[in-house]
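Summary of structural features
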Amino acid sequence: MSSLLVDNIGELVTNLAGGGEGGPLGIRRRAALLVEAGEVAWVGPARDAPAADRRIDAEGAAVLPGFVDSHAHLVFAGDRAAEFAARMAGQPYTGGGIRTTVGATRAATDDELRVTVRRLRGEALRQGTTTIEIKSGYGLTVADEARSLRIAAEVTPETTFLGAHVVPTEYADRPDDYVGLVCGPMLAAAAPHARWIDVFCERGAFDIDHARAILACGQAVGLGVRVHANQLGPGPGVQLGVELGAASVDHCTHLSDADLDALASTRMDWTSGTETTTVATLLPGAEFSTRSPYPDARRLLDAGVTVALATDCNPGSSYTSSMPFCVALAVREMRMTPAEAVWAATAGGARALRRDDVGVLRPGARADLIILDAPSHLHLAYRPGVPLIRQVLHNGVPQCRP
Ligand SMILES: [Zn+2]
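Bear in mind that the values here come from a model prediction, so they are computed numbers and not experimental data.

Rules of the game
- Residues numbered from 1 in each chain as written.
- Predicted model: local features only at pLDDT ≥ 70, side-chain atom pairs only at ≥ 80, totals over all residues.
- Helix = DSSP H or I, 4+ residues; strand = E, 2+ residues; numbered from the N terminus.
- Rg over C-alpha atoms; globule rule 2.2 N^0.38 Å.
- Buried ≥ 20, exposed ≤ 12 C-beta atoms within 10 Å, placed from the backbone.
- Contact = placed C-beta atoms within 7 Å.
- Expected span 1.5 Å × (residues − 1).
- Arc of directions from axis to C-beta.
- UniProt positions renumbered as here; feature names shortened; annotations may be inferred.
- Core = buried A, V, L, I, M, F, W, Y, C linked by C-beta atoms within 7 Å.
- Domains from an automatic or database assignment.
- Axes fitted to C-alpha atoms, helices over the stretch in contact; angles between N-to-C directions.
- Left-handed = near helix turned anticlockwise from the far one by under 90°.
- Pairing = 2+ DSSP bridges.
- Nonpolar A, V, L, I, M, F, W, Y, C, P; charged D, E, K, R; others polar.

Regarding the overall build of the protein chain
Per the secondary structure count, the protein chain includes 13 helices and 17 strands. For 402 residues, the compact-globule formula gives about 21 Å, and the C-alpha radius of gyration of the protein chain, at 21 Å, lands near that figure. With respect to the principal axes defined by its C-alpha atoms, the protein chain has extents near 70 × 45 × 45 Å. A burial count over the protein chain gives 55% of its 402 residues as buried. Pairs at least 24 residues apart make up 71% of the contacts formed inside the protein chain by residues separated by at least 6 positions.

Okay, here's the thing in structure tokens:
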């Protein structure tokens, strides 16, 4: 069995609470890490490093777990650059542009969709994203949702059925019928290719009754729950997510005290050993790209809520695949500390996907890691817009340099 030693690490972010220097990142100095069979086999001081078949010299740089982007919409055709330009010229964002992408996606061939998914997946990987969740939601027919998920599943196990993204134009007068379609034949066609189900619970999309019905149907066939909630205004999405045991409620831009209390009340169930925390996933790329007020991350963190950061990569409201950009935004615009933001972009994303094998560097975890062109994780926010990802290991395999 071939082994690989990542040696001479100046700062190793393990995300093991209580490890290293304390704090959420579990930082170790002058460390080394051994990879075997795609997993982390050993972590320790560089001076104690075991022999290995191959060696990567980190040259004193920082090494982090690969980013876990728990919210992305990569299966689509066309782009909406003109809509972005109009918005930057003063038009408000309403979410209605989703239908533009639905038209283009339906008209695309499988290969056209596949090329886009692979291009964006590669783009994200080069920026350090080793785990990515991908949603459907631009097909909105039985066949188009199923093929969107089939294509997404070619590049990630974290696939999410989002047939309830918006009510498509042809059902505009009869949303109840569309909900029936989503819960019936569309779910049946999508479920074999999906791990999760998601609903855009928002004014202009799906109300609480429709959202609850759709999520319950998904749960009944074994899908985990996620919710697009409280993005454009206050609403019932967050509390619905908590009620249904969602792994994550995403956006969380407009939260009431009751929403906050509901999120803070969720936690790991230590008696059964099952994770029942509902994570608040913040998507600052959406606020950046729609020039909207950012979520109040400090309020969530100070209340003890588990926070994740993700890109929301999509052609309308957040066309970025860059987790380092989201970390920088979280620090500058949402007053997260660099350590909180890096944790949220790695371990937080893993929690939002209920994964304990990624977002952390400990023996037995997947060998998904980033070597920075910098001595510290601080540089991700301190040097925004700079390509700081020197090398990415995915399943223990070094990827090509960007
Ligand atoms: Zn989204």
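Quick notes on helix α3 (residues 110-126)
Counted at 1.5 Å a residue, the expected span for α3 with its 17 residues is 24 Å, and the 24 Å between its end C-alpha atoms agrees. Burial in α3 covers these residues: Leu-113, Thr-116, Val-117, Leu-120, Arg-121, Ala-124 and Leu-125. When α3 is viewed along its axis, its buried side chains cluster within an angular range of 165° and face the same direction. Relative to its buried face, α3 has exposed residues pointing more than 90 degrees away, namely Asp-111 and Arg-119. For α3, the secondary structure elements touched by its buried residues are β6 (67-69), β7 (129-132), α4 (142-153) and β16 (389-394).

Regarding the UniProt feature "binding site: Fe(3+)" (unreviewed entry) in the protein chain
UniProt records the feature "binding site: Fe(3+)" (unreviewed entry) at His-71, His-73, His-228 and Asp-312, using the numbering of this structure. For the residues just named, distributed over 242 residues, the greatest C-alpha separation is only 12.2 Å, placing them together at one site. As for its position among the elements, His-228 is in strand β11 (residues 224-229). With 29 C-beta atoms packed within 10 Å, His-228 lands in the buried category. The contact partners of His-228, leaving out residues within four places of it in the chain, are Asp-198, Val-199, Phe-200, Cys-201, Glu-202, Gly-237, Asp-250 and His-251.

A few points about the UniProt feature "binding site: 4-imidazolone-5-propanoate" (unreviewed entry) in the protein chain
Following the UniProt record, one finds the feature "binding site: 4-imidazolone-5-propanoate" (unreviewed entry) at Arg-80, Tyr-138, His-165, Gln-231 and Ser-317. Among the structural elements, Arg-80 can be located in the loop between β6 and α1 (81-88). What makes Arg-80 buried here is the crowd of 20 C-beta atoms within 10 Å. Setting aside its immediate chain neighbours within four residues, Arg-80 contacts Gly-97, Thr-100, Thr-101, Pro-315 and Gly-316. Note on placement: Ser-317 falls in the loop between β14 (307-309) and α11 (323-334).

A short note on helix α8 (residues 257-264)
Of all the positions in α8, only Asp-259, Leu-260, Ala-262 and Leu-263 are classed as buried. Around the axis of α8, the buried residues are gathered within 160° of arc, so they sit on the same side. Exposed residues on α8 whose side chains face more than 90 degrees from its buried face are Asp-257 and Ala-258. Where α8 is buried, its residues touch α7 (237-243), β13 (279-282) and α10 (297-302).

A short note on the nonpolar core
Among the nonpolar cores identified, the biggest contains 128 residues, and Leu-33, Val-63, Leu-309, Val-327 and Ala-330 are the most heavily contacted of them. Counting only domains with at least three residues in this core, you end up with domain 1 (3-65 + 360-398) and domain 2 (67-352). Filtering out sequence-adjacent residues up to four positions away, Ala-330 remains in contact with Leu-282, Pro-284, Ala-297, Leu-309, Met-336, Ala-341 and Ala-344.

A word on the environment of Trp-196
Mapped onto the secondary structure, Trp-196 falls in strand β10 (residues 196-201). Sequence-wise, Trp-196 and Leu-162 are 34 residues apart; in three dimensions their C-alpha atoms are separated by 8.7 Å. The contact partners of Trp-196, leaving out residues within four places of it in the chain, are Thr-160, Phe-161, Leu-223, Gly-224 and Arg-226.

Considerations on unusual backbone geometry
Located in the positive-phi region is Ala-37, a residue other than glycine, with phi close to 55°. Classification of Ala-37 as exposed rests on a count of 11 C-beta atoms within 10 Å. Positive phi outside glycine occurs at Arg-291, with the angle close to 50°. The residue Arg-291 is located in the loop between α9 (284-290) and α10 in this model. On the basis of neighbour count, Arg-291 is assigned to the exposed category, with 11 C-beta atoms found within 10 Å.

Here we look at the packing of α11 against helix α12 (residues 338-352)
Where α11 contacts α12, the axes come no closer than 9 Å and their chain directions differ by 140°. Where α11 crosses over α12, the handedness of that crossing is right-handed. In this structure, α11 uses Met-323, Cys-326, Val-327, Ala-330 and Val-331 to contact α12, whose residues at the interface are Pro-338, Ala-341, Val-342, Ala-344 and Ala-345.

Some thoughts on the sheet that holds β10
Strand order in the open sheet formed by seven strands is β8-β9-β10-β11-β12-β13-β14, and the pairing between neighbours is parallel. Both edges of this open sheet fall to β8 (134-135) and β14, since each of them pairs with a single strand only. Two elements, strand β12 (residues 248-251) and β13, share three bridges in a ladder whose sense is parallel. Its bridge partner being in β13, Val-249 is matched across the sheet by Ala-280. Sheet strands touched by α4: β8 and β9 (159-164). Its angle to β9, the strand with the most contacts, is close to 160°.

Focus on the domain arrangement of the protein chain
On domain assignment, one finds that the protein chain holds domain 1 (3-65 + 360-398) and domain 2 (67-352). The centre of domain 1, based on its C-alpha atoms, is set 29 Å off from the matching centre of domain 2. Taken residue by residue, the interface counts 19 residues in domain 1 and 19 residues in domain 2. Put simply, the parts of the chain that give the side of domain 1 that touches domain 2 at least two residues each are β5 (62-65), α13 (379-382) and β16. When residues of the side of domain 1 that touches domain 2 are assigned to their parent elements, the largest contribution, three residues, is made by β16. For the side of domain 1 that touches domain 2, the residue count by class is 14 nonpolar, four polar and one charged.

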